[in-house]
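Spelled out from the first residue to the last, the chains are:
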Amino acid sequence: MPLRGFLGLLTRARASRRVGVGIALGPSSLRAVVVERAGPRLRLLAAQETPCDTSQGEPLTRALAEVRQRLRVTAPVVLGVPSTSAILTTVQPLVVTPRRAALAVQFELQQHLPFELADAAWHYQWLQRPRQAVAAAMRHSLLEERLSACRRAGFAVRAVAVNGVAALNAASLLAPPSRGATTAWLTLVDPQQAEWSVLGPDRLQVVPVTSPSADALWEHVAASWQALRAEGVEAGPPVWLVGPPEALAPAQQALAGVAVERADFTKAVSFGAARVEAPDRVAVALGLALQGVGAAPLPLNLLDGTQREAQARMVHRASLVAGGVCLAVTLLAGANGMLTVRERRIGVQRALEQRERLYQTLRPEIRVLIQRQQRTEGRSLQLAQLAADSPALTRCLAQIAGAMPREVWLTALDGSTGDRLLEGLLEGRATSFQDVTKFLEQLKSQAGMTTVKPLSTNVITDEALGKEVIAFSVQVQRPLQPEAAP
């Protein structure tokens with residue numbers, strides 16, 4: 001078999017094995033059993049009976065400590081209290097809904113209690129008949145005395161049940177409850193005390209029977225049976241007896257006309273190597289152990305309310321802790337985020353400050369470079385414009401040269417272009433005023449000047465020629481691309 005499959009079988013086998021410990025407190029002794037459940041099979045591992053006065057705290061603690069030492073119990077136990085210490089009754093709530101079932105049972109149970117329900121530990125279970133429940137209640141003070149003794153002895157208590165109900169749980173091993181039938185069990189608690197446990201479709205009764213002597217016990221048993229029958233209890237045969245073999249004949253005589261059969265739990269539970277002299281004496285503890293392994297038909301638990309409150313407090317505490325952890329994580333994450341943002345902001349601010357300082361340092365140099373760049377770009381534009389207009393200027397100069405008479409010469413020429421116009425300033429010399437006038441006319445007719453505006457004409461002596469000449473200056477203007485002649 002593969003290792004994984006073997007481990008799976010081992011895990012399921014361990015999960016299917018459960019151990020239950022039941023401790024029944026009687027009037028003059030306590031009885032404990034340890035039961036192991038493996039699937040449908042039950043096996044008695046150990047049993048112990050210790051005499052003590054269970055109503056006193058110190059003797060009970062010592063007896064529990066002795067049982068724990070002898071049985072070597074480590075698992076939580078199911079504790080059974082005497083039926084005389086608790087109130088067990090059957091209630092029928094008027095209105096039963098899943099959400100208000102506990103409240104309805106609580107209202108009905110209060111009618112049967114001589115004390116306030118707030119002062120009691122209580123629990124209920126539904127019977128076979130709809131809207132019929134069995135409820136048990138016990139004063140908190142009495143229950144706390146037993147629980148304190150268990151804690152001092154080192155026991156952890158899983159549940160607290162009533163011995164009469166535990167006897168019915170043990171009886172289910174031999175006679176499982178059937179629908180519509182009533183079953184009666186007579187349990188001999190000690191030589192002077194017995195207990196009736198009656199389970200039917202609409203009732204569960206536990207009736208203690210106490211006698212001042214062992215000889216008169218059966219008379220009280222017969223009288224209690226007649227009282228039960230007067231209340232309408234019709235138990236189907238047989239009536240089961242939980243007691244020693246020698247008690248069967250007196251029971252048959254006391255319950256004349258009714259079949260009585262002695263319960264033999266060795267048929268339902270494997271006792272194995274456990275040495276139990278009287279199996280019937282541990283029947284109640286066996287029923288408690290059945291509740292510990294989850295095999296009890298009526299798992300009444302007087303600690304149910306306390307355990308629910310403790311669980312609710314634990315869940316509330318866990319939710320508070322989880323909420324606190326989440327809040328702390330949120331605060332830490334927020335603080336971390338704020339610190340990260342602050343660090344980034346400081347880093348950006350430092351970078352900007354560094355850039356600003358660098359800019360302030362380089363600002364004069366950048367300004368000079370920008371101005372130089374602007375001048376260079378302006379010159380580049382001028383050169384580009386000049387390169388573009390050079391053919392027109394060349395043609396214009398050629399035309400001006402062609403329009404000059406022989407007696408006229410130029411000393412200066414200044415030209416510029418703009419708004420698709422060619423403008424210029426001509427300065428020159430002429431031998432006479434007639435030559436100047438002829439040159440101005442030929443600028444219009446031959447050079448294509450649209451505007452010819454004389455600025456000055458003066459008579460000066462030319463040192464190179466040694467005679468008087470006419471100095472003139474003329475402003476001319478024409479389009480860069482003259483219109484074609486029609």
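Residues numbered from 1 in each chain as written. Predicted model: local features only at pLDDT ≥ 70, side-chain atom pairs only at ≥ 80, totals over all residues. Heavy atoms only, no water.

> Just checking my understanding: could you explain the overall build of the protein for this structure?
From N to C terminus, the protein includes 10 helices and 17 strands. For 486 residues, the compact-globule estimate of 2.2 N^0.38 gives 23 Å, and the protein exceeds it by more than 25% at 61 Å. Reported as C-alpha extents along the three principal axes, the dimensions of the protein are approximately 185 × 60 × 50 Å. Counting all 486 residues of the protein, 38% fall into the buried class. A total accessible area of about 28600 Å² is found for the protein, and carbon and sulfur atoms account for 54% of it. Looking at charge distribution, the protein has the averaged site of its 52 positive side-chain charges lying 5 Å from that of its 41 negative ones. (Helix = DSSP H or I, 4+ residues; strand = E, 2+ residues; numbered from the N terminus. Rg over C-alpha atoms; globule rule 2.2 N^0.38 Å. Buried < 20%, exposed > 50% of the residue type's maximum accessible area, 1.4 Å probe, protein only. Areas by Shrake-Rupley, 256 points an atom, 1.4 Å probe, with all protein chains shown as cover. Lys, Arg positive; Asp, Glu negative; His and termini not counted. Charge placed at Lys NZ, Arg CZ, Asp CG, Glu CD.)

> Just checking my understanding: could you explain the nonpolar core for this structure?
Nonpolar side chains in soluble globular proteins tend to end up buried together. Of all hydrophobic cores here, the largest spans 69 residues; its most connected members are Ile-23, Leu-30, Leu-64, Phe-155, Val-160, Trp-185 and Leu-204. In terms of residues, this core owes the most to one element, helix H8 (residues 283-292), which gives seven residues. Among residues more than four places away in sequence, those in contact with Ile-23 are Leu-30, Arg-31, Ala-32, Leu-64, Val-77, Val-78, Leu-79, Gly-80, Phe-155 and Leu-288. (Core = buried A, V, L, I, M, F, W, Y, C linked by side-chain atoms within 4.5 Å. Contact = heavy atoms within 4.5 Å.)

> Is there a simple way to explain the packing of helix H2 (residues 57-71) against helix H4 (residues 140-153) in this structure?
Each pair of packed helices gets described by two things: the angle between the helix axes and the distance between those axes. Running from amino to carboxyl end, H2 crosses H4 at an angle of 45 degrees, the nearest separation of the two axes being 8 Å. Compared by their axis directions, H2 and H4 come out oblique. As H2 runs across H4, the sense of the crossing is right-handed. Of H4, the residues touching H2 (which contributes Gly-57, Leu-60, Thr-61, Leu-64, Ala-65 and Arg-68) are Arg-146, Ala-149, Cys-150, Arg-152 and Ala-153. (Axes fitted to C-alpha atoms, helices over the stretch in contact; angles between N-to-C directions. Parallel < 35°, antiparallel > 145°, perpendicular 65-115°, else oblique. Left-handed = near helix turned anticlockwise from the far one by under 90°.)

> Mind showing me how you'd approach the pairing of strand S15 (residues 421-430) here?
Within a regular strand, side chains alternate between the sheet's two faces. Residue alternation in S15 divides its side chains into a buried set, Leu-422, Gly-424, Leu-426, Gly-428 and Ala-430, and an unburied set, Leu-421, Glu-423, Leu-425, Glu-427 and Arg-429. Sheet topology places S15 next to strand S17 (residues 467-479); 10 bridges connect them, and they run antiparallel. Bridging from a neighbouring strand, Leu-425 pairs with Gln-475 of S17. (Pairing = 2+ DSSP bridges.)

> How should empty space enclosed by the protein be read in this particular structure?
The method is simple in principle: a probe with the dimensions of a water molecule rolls over the atoms, and the space it marks as empty is what remains. One pass over the structure, following the stated rule, counts two cavities of 30 Å³ or more. Counted as a void, the largest cavity has a volume near 220 Å³. Around the largest cavity, the lining is made up of 20 residues, and of these Gly-26, Arg-31, Asn-163, Val-189 and Val-284 lie nearest the centre. Take the lining of the largest cavity: its biggest share by element is three residues, from strand S9 (residues 183-190). In the lining of the largest cavity, the residues fall into nine nonpolar, seven polar and four charged. Considering only enclosed or pocket space, the second largest cavity measures out at about 30 Å³ in volume. Partitioned by chemical class, the residues of the lining of the second largest cavity number six nonpolar, no polar and no charged. (1 Å grid on protein atoms, 1.4 Å probe; cavity = no way out; pocket = protein on both sides within 12 Å on 5 of 7 lines; lining within 4 Å. Points joined across faces, edges and corners; volume = space filled by probe spheres on them. Nonpolar A, V, L, I, M, F, W, Y, C, P; charged D, E, K, R; others polar.)

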